[in-house]
Amino acid sequence: MNNKSERNLSTDTSNKQQPQNTVNIPDSPQGWDNLKWLGPSFLWMLSAAGSGELLFTPRIAALYGYTLLWALLAAVILKWFINGEVGRFSVCTGATILEGFNQLPGPKNWAIWLILLPQVVVAISTVAGLSGAAATALILVAGGSVQLWTVIIIVVTAAIVLLGQYNVVEKISSYVGIARTVAVVAAAIFVFPNVRQLASGLLPQIPQDVQYQEILPWLGFMLAGAAGLMWYSYWVEARGYGAASVKGQESIDPKQLNREERKKLRGWLNLMTISNTLAVVGALLAALSFLILGGELLRPQGLVPKENQIAETLGSLLGDLWGPFGFWFMVAIVFITFCSTVLSVEDGFGRMFADGTQIILQGFGVQGRWTNEKFLQRFYIVVLLVALPIAVYLFFGEPVGLLQTAGGIEAAHIPIVTGLTLYLNHRMLPKELQPSKIIFGGTAIAGIFFGVFAIIYLLQLLGIIGSSGGSG
């Protein structure tokens, strides 16, 4: 990524821009070559798989059956809209979404602070919770304490991210995502419920005695939370989509590009849409499968995945179908999925906090190592994504509780990210690169959808809306 001080995305056309003939955006890939460019979407899909799909979806099914199927479908489809708009900005400008937010009018860096401060809690809680959940699989195999394995998982995954960076994380996440989806879809087919029973969940309804502290983290993490949506911008840029493939430019203002370059960007936007759609379809298949497995196998037995029994309870999903082989196969899926999710989470948060810090400090004229992106990324991985999660887990020790905290913040943050992104694209992009009215409307509805759930959750938290049901 280029130095942020060299990438002013201001739309003030009175400033001198690079001459149009110095910007040569490559043509988008065609045919089978598109398959080589799907990494960012697979990485995005995996960034919340360990919580939204693997952990919270079976919990929701165990607690409420299929009554919230409609909410699952809505959350996944609506995030397709949001993710596409985040990706649109980076494809068309070559900049990250935080760089774009920094160009919004108003007090200096206000949008950056609005994004980063809540995400500090999310980052620490997510890494601690996911690693603790992965550790519940290891103790079944190797014994020992959950605390020890949690520390080891956090340290090892961080080392992989620090040494391997994007390419290794992308490959691991892609393979794991495909294998996990195939396995759980096959299992769900074996226990497929009565179609009428499943279809009843398509009617929007809220279960009696519903606990929004269960629903909001589930919806927040489903497919990707607010942070995951923003990470897509970083992975699109790292992969070199569209304008991000042009290195050495001081700035790329898409409004200053000629017709031919804009046409090339539309080709890249089409690729991003295909990639985004494949990720959503894969995530939806996995989520529906986990909902069916939870509804058919956990709910009748009154089992709910919780704290240090996460892997053991989820293992029973396939253990009831395929015996010991199924149990241990599912335990392996639990371990690999949670660990690969930790990888993508550490990579994504490391990039986002490094980017945000660089933008803020350079705005104050700071230079040196504290505005060096690689140094900042390593610093945040070591401090924010290793040391603090270890301390929090050893003190708190409840993976589900930690992830519920992070998921609630993520869901409440999604409307903010959505609104800022829509305004940014409207302000920065030429008309032919802006979203259609349908895409714009769908993205706006997505922000409203998550905003409503966040408000209801807050009202329940404050006791204004009562609920008497147990969360298991």
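Residues numbered from 1 in each chain as written. Predicted model: local features only at pLDDT ≥ 70, side-chain atom pairs only at ≥ 80, totals over all residues. Heavy atoms only, no water.

The name that an unreviewed UniProt entry assigns to the chain is Nramp family divalent metal transporter, with the source organism given as Nostoc favosum CHAB5714. Recorded in UniProt for the chain, the comment headed Subcellular location (unreviewed entry) runs: "Membrane". (UniProt positions renumbered as here; feature names shortened; annotations may be inferred.)

Colleague: How would you explain the overall build of the chain if you had to name every residue and give the values?
Modeller: Counting its secondary structure elements, the chain contains 15 helices and 0 strands. Sequence-distant contacts in the chain: of pairs separated by 6 or more residues, those separated by 24 or more amount to 86%. Element-wise, carbon and sulfur atoms account for 64% of the exposed surface of the chain, whose accessible area totals about 18,200 Å². (Helix = DSSP H or I, 4+ residues; strand = E, 2+ residues; numbered from the N terminus. Contact = heavy atoms within 4.5 Å. Areas by Shrake-Rupley, 256 points an atom, 1.4 Å probe, with all protein chains shown as cover.)

Colleague: Describe the side chain of N425, with residues and values.
Modeller: Turning to its location among the elements, N425 is positioned in helix α14 (residues 399-428). Contacts of N425, omitting those with residues within four sequence positions, involve E85, R88, F89 and Q434.

Colleague: How would you explain the confidence of the model for the chain if you had to name every residue and give the values?
Modeller: Across the chain, the average pLDDT comes to 85, with 88% of residues at or above 70. Residue range residues 1-8 is modelled with pLDDT below 50. Its contacts to residues more than four positions away, or to other chains, number 29 contacts. Confidence drops under a pLDDT of 50 for residues 10-21, and excluding neighbours within four residues, the segment shows 18 contacts in the predicted structure. (pLDDT = per-residue confidence, 0-100.)

Colleague: Would you mind going over the environment of A71 in detail, with residue names and values included?
Modeller: Following the sequence through the fold, A71 ends up in helix α4 (residues 69-93). Since its relative accessible area comes to 0%, A71 is described here as buried. Taking C-alpha positions, A71 is 9.9 Å from W218, a pair spaced 147 residues apart along the chain. Those residues in contact with A71, other than ones at most four positions away along the chain, are W218, L219 and F449. (Buried < 20%, exposed > 50% of the residue type's maximum accessible area, 1.4 Å probe, protein only.)

Colleague: Mind laying out unusual backbone geometry, listing which residues take part and the relevant values?
Modeller: Look at N109: it is not a glycine, yet its phi comes out positive at around 65°. With respect to the helices and strands, N109 occurs in the loop between α5 (97-101) and α6 (110-142). For N109, a relative accessible area of 6% puts it in the buried group.

Colleague: Account for the packing of aromatic side chains, with residues named and values stated.
Modeller: If you walk through the whole model with that rule in mind, you get 17 aromatic pairs. Relative to F349, the ring of W231 lies with its centre 4.7 Å away and its plane at 80°, an arrangement referred to as edge-to-face. You can see W231 sitting in helix α10 (residues 226-239) and its partner F349 sitting in helix α12 (residues 310-363), a full 118 residues away along the chain. The exposure class of W231 is buried, given its relative accessible area of 3%. Three or more aromatic residues joined by ring pairs make a cluster, and in this case those are W231, W235, F349, F353, W370, F375, F379 and Y380. One Lys or Arg, K108, reaches over the ring of F364 and ends 4.8 Å from the middle of that ring. (Phe/Tyr/Trp six-rings, centres within 6.5 Å; stacked < 30°, edge-to-face > 60°. Lys NZ or Arg CZ within 6 Å of the ring centre and 35° of its normal.)

Colleague: Provide a residue-level description of the nonpolar core, including the pertinent values.
Modeller: If you look at the biggest cluster of nonpolar residues, it comprises 143 residues, and the most contacted ones within it are F101, W218 and F349. No other element matches the 20 residues that α12 contributes to this core. (Core = buried A, V, L, I, M, F, W, Y, C linked by side-chain atoms within 4.5 Å.)

Colleague: I'd like to hear about the pattern of salt bridges, residue by residue, with values.
Modeller: Overall, the coordinates contain 5 salt bridges when judged by the stated rule. When the shortest N-O distance is used, the salt bridge between E432 and R262 registers 2.6 Å. With E432 in the loop between α14 and α15 (437-461) and R262 in helix α11 (residues 259-298), this pair connects stretches of sequence that are 170 residues apart. Given a relative accessible area of 37%, E432 falls into the partly exposed group. For R262, a relative accessible area of 15% translates into the label buried. In this structure, R351 engages D347 in a salt bridge whose closest nitrogen and oxygen atoms are separated by 2.9 Å. In this pair, R351 and D347 are both assigned in helix α12, 4 residues apart and thus about one turn of the helix distant. In this structure R351 comes out as buried when scored by relative accessible area, which is 12%. (Salt bridge = Lys/Arg side-chain N within 4 Å of Asp/Glu carboxyl O.)

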